[in-house]
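Next come the chains, spelled out residue by residue.
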Amino acid sequence: MSAAPAAPQSPSQIAHGQIPDDMPEHWRVPTYDGTMLSYIKILAFRTLCVVAITRPSLSVHCWVSKRSDGEWEKHRKMVCDKLNASNVVAGLVLATSAVFLTTQPPPTEMNLLPYTKVASYIFSILSFVQAMGSMLAGVAVIAVYESCDREWTLEVLTSTRFRLCCTLLIMACPSLSLVVSILCLMAALMIAGLSSGVWFIQLVAYLEVACWIWVPFIFLWCAVPAEFWEAHLSSIKVSDIARFLMRVPGPWRKRRRGSMV
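Residues numbered from 1 in each chain as written. Predicted model: local features only at pLDDT ≥ 70, side-chain atom pairs only at ≥ 80, totals over all residues. Heavy atoms only, no water.

**Focus on the environment of Ala 172**
Operational definition: Think of it this way: any DSSP run of H or I at least four residues long counts as a helix, any run of E at least two long counts as a strand, and we number them from the N terminus. A contact between two residues is defined here by any heavy atoms of the two lying within 4.5 Å.
Its place among the elements puts Ala 172 in helix α6 (residues 161-194). Taking the C-alpha atoms as reference points, Ala 172 and Gly 138, 34 residues apart in sequence, are found 9.2 Å from one another. Beyond its immediate sequence surroundings of up to four residues, Ala 172 is in contact with Leu 48, Val 51 and Ala 52.

Rendered as structure tokens:
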């Protein structure tokens, strides 16, 4: 008698960081072979997964959802809820940038917040365009993702590494456009604040930059598993970094040696 096929694993049956047995090779994170190119591939793939599905890899939640109808419905609901929330935020950013594009700053002698300057106005236009693109891309992805079934997604959309990366990139487009839109709107307000004639508003602009500049780096550190940092940071040798920093152009080295004599 032939053995019965193994049932697909559920997320609760898979340990953290463990790759499912039936997961194809092109779904897995690229392997690190000691070269800088492989390191860039790993970082790019994990970043794409985080932006697209809010997971550092496709091993547990995304792949298992393609093997079970119940898990597929949970995964599809999670993605659609994420995109709906992104569309709501994009609508708010779109309305805010439209206000800055269609209104004039208050006519005061102190030049309170001159957001109609050329640089600030350009960033407001970019914010408006990116917010509109985020909403359109989000609506399109939701429409396609809600109508496609599990088999078609598995056998067509994600059948190869190139198709998988393109699908993840399309799913990440709403979030990427929204981030660019928010950054452009923040840049427009920062330029307007720094151009203000009131020193207190300029101080607030500098404080806002200091409060927000560290957030992306902390998020990246917390979002990526500790095993990833330990595996890749430990491969970087301090001696190689010191040797690289000690490399200087020949003429400068000669001048430095001459000054030491």
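**Topic: the packing of aromatic side chains**
Going by this rule: Each pair of aromatic rings taken from Phe, Tyr and Trp, with Trp reduced to its six-membered ring, is defined by centres within 6.5 Å and is described as stacked if the planes are under 30 degrees apart, edge-to-face if over 60, and tilted in the remaining cases.
Inspection of the entire model under this criterion finds 2 aromatic pairs. Seen in terms of ring centroids, Trp 72 and Tyr 145 are 5.5 Å apart; in terms of plane orientation they differ by 45°. Their pairing is tilted. Residue Trp 72 is found in helix α3 (residues 69-102), and its partner Tyr 145 is found in helix α4 (residues 118-147); the two are separated by 73 residues along the sequence. Geometrically, the ring pair formed by Trp 199 and Phe 200 is edge-to-face, given 6.1 Å between the ring centres and 90° between the ring planes.

**Remarks on the pattern of salt bridges**
Heads up, the condition is: A pairing counts as a salt bridge when a side-chain nitrogen of Lys or Arg comes within 4 Å of a carboxyl oxygen of Asp or Glu. Accessibility here uses a 1.4 Å probe with only protein chains present; expressed as a share of the type maximum, an area under 20% marks a residue as buried, one over 50% as exposed, and anything in between as partly exposed.
Summed over all chains, the structure comprises 2 salt bridges. With its nearest N and O atoms 2.7 Å apart, the salt bridge here joins Glu 73 to Arg 76. Separated by 3 residues within a single helix, Glu 73 and Arg 76 lie in helix α3, roughly one turn from each other. Judged by relative accessible area, which is 15%, Arg 76 ranks as buried. When the shortest N-O distance is used, the salt bridge between Asp 81 and Lys 77 registers 2.9 Å. With a gap of 4 residues between them, Asp 81 and Lys 77 both fall in helix α3, about one helical turn apart. Look at Lys 77 and you get exposed, because its relative accessible area is 53%.

**Things to note about the nonpolar core**
Stated formally: Buried Ala, Val, Leu, Ile, Met, Phe, Trp, Tyr and Cys residues that are joined via side-chain atoms within 4.5 Å together make up what is termed a nonpolar core.
Grouped together as the largest cluster of nonpolar side chains are 20 residues, with contacts concentrated most on Leu 58, Leu 168 and Met 171. Elements with a minimum of two residues in this core: α1 (36-53), α3, α4 and α6. Looking at which element gives the most residues to this core, the answer is α1, with 5 residues. Apart from residues no more than four positions distant in its own chain, Leu 168 is found in contact with Leu 48, Cys 49, Ala 52, Ile 53 and Leu 58. Judged by nonpolar contacts, the second largest core, of 9 residues, contains Ala 90, Val 93, Phe 100 and Leu 178.

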